[in-house]
Amino acid sequence: MPQRRSYVASAQIGDAIYTIGGMVGDTGRPLSAFTSYDASLDSWRVLPQIPEPTRAAAAAAVGRTIYLVGGTTPDGNTAATWAYDVEVGEWERRAPLPAPRFNHSAVAVDGEVWVLGGFLEGRELDDVFVYDPSADAWSRGPSLPAPTHAFDVVSFRGEIWLLGGRRGEEILRGVWILDPETREWRRGPAMPKPMELLGAAVVGDEIHAVWESIYQIYDASSGEWSSGPSTGVTRHALQAFYVDGRLYAVAGCTTALRDTPVVERIAVR
């Protein structure tokens, strides 16, 4: 990456990976950086900075537009929502979240952005909000089964899967699945090992999750989890992506509280 960062927000459009904001791990300073990675060229490009430095935010892409939601700025936690059309190349303010938060997650499903959980004022959150880009409006979704932060979510087989996270001092291995049509949660197959501040990505009928030295793979055809090889750089607060047969681990904070610019990839299909 052009610079070391952790706690970045991220989104993927086609083969392009976008990383937004983040922080310098040993100081906690929020960043305005916005970059994209072209997997076909194995190269990074610097894009227009976000309007205010933000760390521990969440992002998701609908069509060719990236939505950046919440996080922590130099002035405190924010409910701001920003949109970036990759064709236009400019940031635009959108309707804010009903309440600020950080360490939450976002995922795009059927043209809407779902924002789940997070942390605010010393406690985990259980609320879920759904953003309709065409109306520029938020509505309330079904609350999480329990307040949680520092998890990741993926859209898998038409449903939202929530993986791991933290509650109090406990790092979680639970998996919860939300059906957007019935708006009901159910328990999913728990991970063998707990994970927080992880990166997760969908690879066909599999979910791949990476955190620190742990790499866990869920195979929907068997309903079982298995373990993959450790990354070369042990890190948390990273992001994971699947592009053209390879899984990518991007950004993150090492156990020494120093961020890494390293990008690693492994062939998975």
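Data block above holds the structure.
All of these numbers come straight from a predicted model, not from anything done at the bench.

1. Comments concerning the sheet that holds strand 13 (residues 105-109)
- Strands sit in the order 13-14-17-18 across an open sheet of four strands; the sheet is antiparallel. Only two strands of the sheet have a single partner each, and these edge strands are strand 13 and strand 18 (137-141). Geometrically, the sheet is characterised by an average inter-axis angle of 25° between neighbouring strands, direction not taken into account.

2. Examining the pattern of salt bridges
- Taken as a whole and assessed by the stated rule, the structure comprises nine salt bridges.
- The closest approach of N and O atoms between arginine 101 and aspartate 127, which form a salt bridge, is 2.6 Å. Residue arginine 101 is found in the loop between strand 12 (90-94) and strand 13, and its partner aspartate 127 is found in the loop between strand 16 (123-124) and strand 17 (128-132); the two are separated by 26 residues along the sequence. For the pair arginine 101 and aspartate 127, one class covers both residues: buried.
- Between arginine 235 and glutamate 264 there is a salt bridge, with its nearest N and O atoms 2.7 Å apart. Remark: glutamate 264 occurs in strand 33 (residues 263-267) and arginine 235 occurs in strand 29 (residues 235-236); sequence separation between them is 29 residues.
- The class for arginine 235 is buried, based on a relative accessible area of 1%.
- One salt-bridge network, held together by shared partners, links Arg4, Asp26 and Asp259.

3. Observations regarding the environment of proline 133
- Mapping proline 133 onto the fold places it in the loop between strand 17 and strand 18.
- By relative accessible area, which is 16% here, proline 133 ends up buried.
- Note: C-alpha distance between proline 133 and glycine 111 (22 residues apart in sequence) is 7.7 Å.
- Those residues in contact with proline 133 that lie beyond four places of it in its chain are Val62, Tyr67, Arg94, Gly111 and Glu112.

Cut-off values and rules
Residues numbered from 1 in each chain as written. Predicted model: local features only at pLDDT ≥ 70, side-chain atom pairs only at ≥ 80, totals over all residues. Heavy atoms only, no water. Pairing = 2+ DSSP bridges. Helix = DSSP H or I, 4+ residues; strand = E, 2+ residues; numbered from the N terminus. Axes fitted to C-alpha atoms, helices over the stretch in contact; angles between N-to-C directions. Salt bridge = Lys/Arg side-chain N within 4 Å of Asp/Glu carboxyl O. Buried < 20%, exposed > 50% of the residue type's maximum accessible area, 1.4 Å probe, protein only. Contact = heavy atoms within 4.5 Å.

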